[in-house]
Amino acid sequence: MSITTKTGDHGETSLLTGERVKKSGLRVDTYGTLDEVDSALGLARAFSDKDDVAERILQLQRKMPALMADFASCGKEPRITMEDVHELEDWCDDVESDLPEEHAFIIPGGSQSGAMLDLARTTARRAERCACRLAETEDVAASDLVYLNRLSDYCYLLMRLEEDIYEDD
């Protein structure tokens, strides 16, 4: 089967559940933006100097297909559940417990991987904004919205961990 189907040549695509939708729609914008997050995470993992951070990124990336699938589907039970949200919160707590309280803004770019994690964070925030706009007109699982919010938090914490930002510099 060829990757080129030609079914999207006129600005439409198929969701996982079979519906045809405009590529310019918020649902497609949301899961497309999540795809960007996953790519930024992949770059961050590839450039990470720390095995523990790379492993945490990979663990997070393993959740991304389920999150994208939730937005690429209509009328299905979400794959991301509140259990997944709690797991991500636990991951945040685990990293944050090793970091000092912050008292200043951090300038991105202390390392390649850290900068890419910050890109993943800001792109996750954009995905969250898309998802919130989508939720104004269509059903979006609450667990997906909460997960998106925690996702950007976790990317930020991983950036701090990657860049050894333990003190006010």
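Our structure's up above, just so we're on the same page.
Report on the accompanying structure. Here the residue numbers are simple positions, counted from 1 along each chain's written sequence. For this predicted model, a pLDDT threshold of at least 70 governs which residues receive local features, and a threshold of 80 or more governs which side-chain atom pairs are given and counted, while totals over whole chains, interfaces and linings are taken from all residues. No hydrogens and no water enter the side-chain calculation; it runs on all heavy atoms of the structure.

### Let's talk about the overall build of the protein
Right, so step 1: Within the protein, the regular secondary structure consists of six helices and two strands.
Right, so step 2: Ordering the α and β elements of the protein from the N terminus gives β-β-α-α-α-α-α-α.
Right, so step 3: Each residue's exposure class comes from its accessible area (1.4 Å probe, protein chains only) as a fraction of the maximum for that residue type: buried when under 20%, exposed when over 50%, partly exposed otherwise. Buried positions account for 41% of the 169 residues belonging to the protein.
Right, so step 4: Here the contacts in the protein between residues at least 6 apart in sequence split such that 74% fall between residues at least 24 apart. We count a stretch as a helix when DSSP gives it H or I for four or more residues in a row; a strand needs E for two or more, and each element gets its number in order from the N terminus. Contact between two residues is taken to exist if any of their heavy atoms lie within 4.5 Å; hydrogens are not considered.

### A word on the side chain of Asp70
Right, so step 1: Tracing the backbone through its elements, the reader meets Asp70 in helix H3 (residues 64–71).
Right, so step 2: Look at Asp70 and you get buried, because its relative accessible area is 9%.
Right, so step 3: Contact partners of Asp70, with chain neighbours within four places excluded, come to Arg27, Glu77, Pro78, Arg79, Ile80 and Asp144.

### Topic: the packing of helix H2 (residues 51–61) against helix H4 (residues 82–96)
Right, so step 1: Convention adopted: a line fitted to C-alpha atoms gives each axis, helices being fitted over their contacting stretch, and angles between N-to-C directions are expressed from 0 to 180 degrees. Between H2 and H4, whose axes approach to 12 Å, the crossing angle comes to 165 degrees. In this view, H2 runs roughly antiparallel relative to H4, as classed from their interaxial angle. At the point where H2 passes H4, the crossing takes the left-handed sense. In this structure, H2 contributes Arg56, Gln59 and Leu60 to the contact, and H4 contributes Leu88, Trp91, Asp94 and Val95. Any angle that is under 35 degrees is reported as roughly parallel, and any over 145 degrees as roughly antiparallel; angles of 65 to 115 degrees are reported as roughly perpendicular and all others as oblique. Handedness of a helix crossing follows the sense of rotation of the near helix relative to the far helix, less than a right angle counterclockwise being left-handed and clockwise being right-handed.

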